[in-house]
Amino acid sequence: MDDISAIKQVKYRYLRAIDTKDWDLLASTLTEDIIGNYGEDGHQGGNLVLTGRDNLLGFMRDSLGPNIITEHRVDHPEITVADDEATGSWYMQDRVVMIDHEMMLTGAAFYTDRYRRTADGWKVCETGYDRTYELTISLHDLPSFKLKTGVSLNL
Amino acid sequence: MDDISAIKQVKYRYLRAIDTKDWDLLASTLTEDIIGNYGEDGHQGGNLVLTGRDNLLGFMRDSLGPNIITEHRVDHPEITVADDEATGSWYMQDRVVMIDHEMMLTGAAFYTDRYRRTADGWKVCETGYDRTYELTISLHDLPSFKLKTGVSLNL
Amino acid sequence: MDDISAIKQVKYRYLRAIDTKDWDLLASTLTEDIIGNYGEDGHQGGNLVLTGRDNLLGFMRDSLGPNIITEHRVDHPEITVADDEATGSWYMQDRVVMIDHEMMLTGAAFYTDRYRRTADGWKVCETGYDRTYELTISLHDLPSFKLKTGVSLNL
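Since the model is a prediction, treat every value here as computed from it, not as a measurement.

**Some words on the interface of chain C and chain A**
So, step 1. Between chain C and chain A, the contact holds 31 residues from the first and 25 residues from the second.
So, step 2. For the chain C and chain A pair, buried surface summed over both sides reaches about 2,400 Å², with 50% attributable to carbon and sulfur atoms.
So, step 3. Among the residues chain C hides against chain A, the three largest losses belong to Tyr 12, Arg 73 and Lys 148 of chain C. Together they make up 25% of the total.
So, step 4. At the surface where chain C touches chain A, the tally comes to two salt bridges.
So, step 5. Arg 16 of chain C is the salt-bridge partner of Glu 78 of chain A, the closest N and O atoms lying 3.4 Å from each other.
So, step 6. The set of elements that each furnish at least two residues to the side of chain C that touches chain A consists of α1 (3-20), β3 (68-82), β4 (85-98) and β7 (146-149) of chain C.

As structure tokens, this is what we get:
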């Protein structure tokens, strides 16, 4: 498989791991020194920079429990490889249903990632995004709203 | 065209056929022994397995009449080719507007497909998906809701 | 980079330019004789054909001011190259938030584009789409609706 295809695959696995809450799979996509830039536009809120795989995994486990349902999808990849490093831009769309808070967020953002070639294949070594917009609604405005989770989730 | 590109094209035609209600185009993407696994997470509901092109086409025609508007899109492909067979995983997003029932569904799922090389190109020989989530709302909660269908639909 | 990859990149830049309101970037993706077919199914409404880069750019600047937030994403590409011309079909999904009108539109359409190889790389020389559907709601139905724009927008 060529480098660009391999980099796309690790990005897809990274997002599949988050949206299915498969934290072991997520760990396998990250370098040990991963940097996560969850800035003012990240839906986690606040100017948050997470450094290191254990920190990032801990944050995801804590933030994305069974009552937070997420969908993150990316397209429009622009990937550039230089030896054993690569950069990637993606157009992301997300939906987050916060069951306990009875809120739903939808939005779009541009991811800027860095990837590194390791003995175990390409991994994400830095990730973050800047939003174009996000919108939130309270589910109180939609009294008929029904959510059903599926078997793809690791709950 | 390489095999992976050809397999993507048949998947895109398959979904374009469903969303435009072009049943002849849909037929051209399926092997005669196609298996459709529309399980408990499929939005068609129920534990449904359809075997054979005529059965699957009949089901689609009956289920997806002019008062059911669908959007199915896939990205994040992970496709593996082994000789004349291939497997594919895709991240699907769908929206279904059920005009008669005044309901709207949105959701996400992972497709698992099998493809077969035929004398007439790659075809889908098995398809099905498992959801991460689906959400439904009644259009009664959105009294201003207006739907306009476009010329891409075969109505 | 092969032709099909280069054509995808220019399409992604074209949409990124629109959704971030970066009109100089948009100009760089268009031939001087660009034709934009915004027909009865285009969300700009009306049977509108724009000819020439300056006309198209002027229209976009006027139509997509700071109080119109857009998201346009494409997937399912079917691209065919013949020498220095190419055609492309894409499955588009859009969301448009019209802040002043307190309306939100979501929909889907099939783009049909033509591209031309120039001394400065591939450019879009004709673009337009036909919808499968569009739906609109008034934000009055969602009193909790909150929109936050992000740093990716050139406002």
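**Observations regarding the side chain of Ser 144 of chain A**
So, step 1. Looking at the element boundaries, Ser 144 of chain A is found in the loop between β6 (121-138) and β7 (146-149).
So, step 2. A polar side-chain atom of Ser 144 of chain A sits 2.5 Å from a polar atom in the side chain of Asp 141 of chain B.
So, step 3. Other than its neighbours up to four places away in sequence, Ser 144 of chain A contacts Thr 136, Ile 137, Ser 138 and Asp 141 of chain B.

**Concerning the nonpolar core**
So, step 1. Phe 145 of chain A, Phe 145 of chain B together with Phe 145 of chain C are the most contacted members of the largest nonpolar core, which totals 39 residues.
So, step 2. Apart from residues lying up to four places away in sequence, Phe 145 of chain C is in contact with Leu 135, Thr 136, Ile 137 and Asp 141 of chain A together with Val 97, Met 104 and Leu 139 of chain C.

**Brief notes about the interface of chain A and chain B**
So, step 1. Counting residues at the interface gives 31 residues for chain A and 25 residues for chain B.
So, step 2. Across the chain A to chain B interface the summed buried area is about 2,300 Å²; carbon plus sulfur atoms make up 50%.
So, step 3. Of all residues in chain A, Tyr 12, Arg 73 and Lys 148 of chain A bury the most surface against chain B, accounting for 25% of the area lost on that side.
So, step 4. Here Arg 73 of chain A makes a salt bridge to Asp 75 of chain B, at a shortest N to O gap of 2.8 Å.
So, step 5. Our enumeration of links across chain A and chain B arrives at 19 residue pairs in polar contact (both at pLDDT 80 or more).
So, step 6. If you list the elements that add at least two residues to the side of chain A that touches chain B, you get α1 (3-20), β3 (68-82), β4 (85-98) and β7 of chain A.
So, step 7. Of the residues in the side of chain A that touches chain B, the class split is twelve nonpolar, nine polar and ten charged.
So, step 8. Two strands pair when backbone bridges link them, and β7 of chain A and strand β6 (residues 121-138) of chain B are joined in this way by four bridges, in the antiparallel orientation. Each bridged residue has a counterpart across the sheet, and for Lys 148 of chain A the counterpart in β6 of chain B is Glu 134 of chain B.

**Digging into α1 of chain A**
All names here are of chain A.
So, step 1. The terminal C-alpha atoms of α1 lie 26 Å apart, and with 18 residues this matches the ideal 26 Å at 1.5 Å per residue to within 8%.
So, step 2. Where α1 is concerned, the buried positions are Ile 7, Gln 9, Val 10, Lys 11, Tyr 12, Tyr 14, Leu 15, Ala 17, Ile 18, Asp 19 and Thr 20.
So, step 3. Immediately downstream of α1, the backbone of Lys 21 shows phi near 60°, a positive value.

**Comments concerning the relation of the copies chain A and chain B**
So, step 1. Placing chain A over chain B gives an RMSD of 0.0 Å and needs a rotation angle of 120°, together with 0.0 Å of translation along the axis. Both copies of the chain, as the preceding transformation shows, are related through a three-fold rotation axis.
So, step 2. Mapped onto chain B, only 16% of the interface residues of chain A again fall at the interface, so the copies present different surfaces.

**Examining the relation of the copies chain C and chain A**
So, step 1. Turning chain C through 120° and shifting it by 0.0 Å along the axis lays it on chain A, with an RMSD of 0.0 Å.
So, step 2. Interface overlap between copies is the fraction of interface residues in one copy that are interface residues in the other; for chain C against chain A it is only 16%, indicating separate surfaces.

**A closer look at the packing of aromatic side chains**
All names here are of chain B.
So, step 1. Counted according to the given criterion, the structure contains nine aromatic pairs over all chains.
So, step 2. With 4.4 Å between their ring centres and 5° between their planes, Tyr 91 and Phe 110 make a pair best called stacked. Of this pair, Tyr 91 sits in strand β4 (residues 85-98) while Phe 110 sits in strand β5 (residues 103-118), and the two are 19 residues apart along the sequence. The pair formed by Tyr 91 and Phe 110 is uniform in burial state, with each residue classed as buried.
So, step 3. Across the ring face of Tyr 111, the terminal group of Lys 11 is positioned such that the distance to the ring centre comes to 3.3 Å.

Cut-off values and rules
- Residues numbered from 1 in each chain as written.
- Chains lettered and ligands numbered in written order.
- Predicted model: local features only at pLDDT ≥ 70, side-chain atom pairs only at ≥ 80, totals over all residues.
- Heavy atoms only, no water.
- Contact = heavy atoms within 4.5 Å.
- Buried area = accessible area lost by both parts, 1.4 Å probe.
- Salt bridge = Lys/Arg side-chain N within 4 Å of Asp/Glu carboxyl O.
- Helix = DSSP H or I, 4+ residues; strand = E, 2+ residues; numbered from the N terminus.
- Polar contact = N/O pair within 3.5 Å; in protein donor to acceptor, adjacent residues only side chain to side chain.
- Core = buried A, V, L, I, M, F, W, Y, C linked by side-chain atoms within 4.5 Å.
- Buried < 20%, exposed > 50% of the residue type's maximum accessible area, 1.4 Å probe, protein only.
- Nonpolar A, V, L, I, M, F, W, Y, C, P; charged D, E, K, R; others polar.
- Pairing = 2+ DSSP bridges.
- Expected span 1.5 Å × (residues − 1).
- Least-squares fit on C-alpha atoms with pLDDT ≥ 70 in both.
- Phe/Tyr/Trp six-rings, centres within 6.5 Å; stacked < 30°, edge-to-face > 60°.
- Lys NZ or Arg CZ within 6 Å of the ring centre and 35° of its normal.

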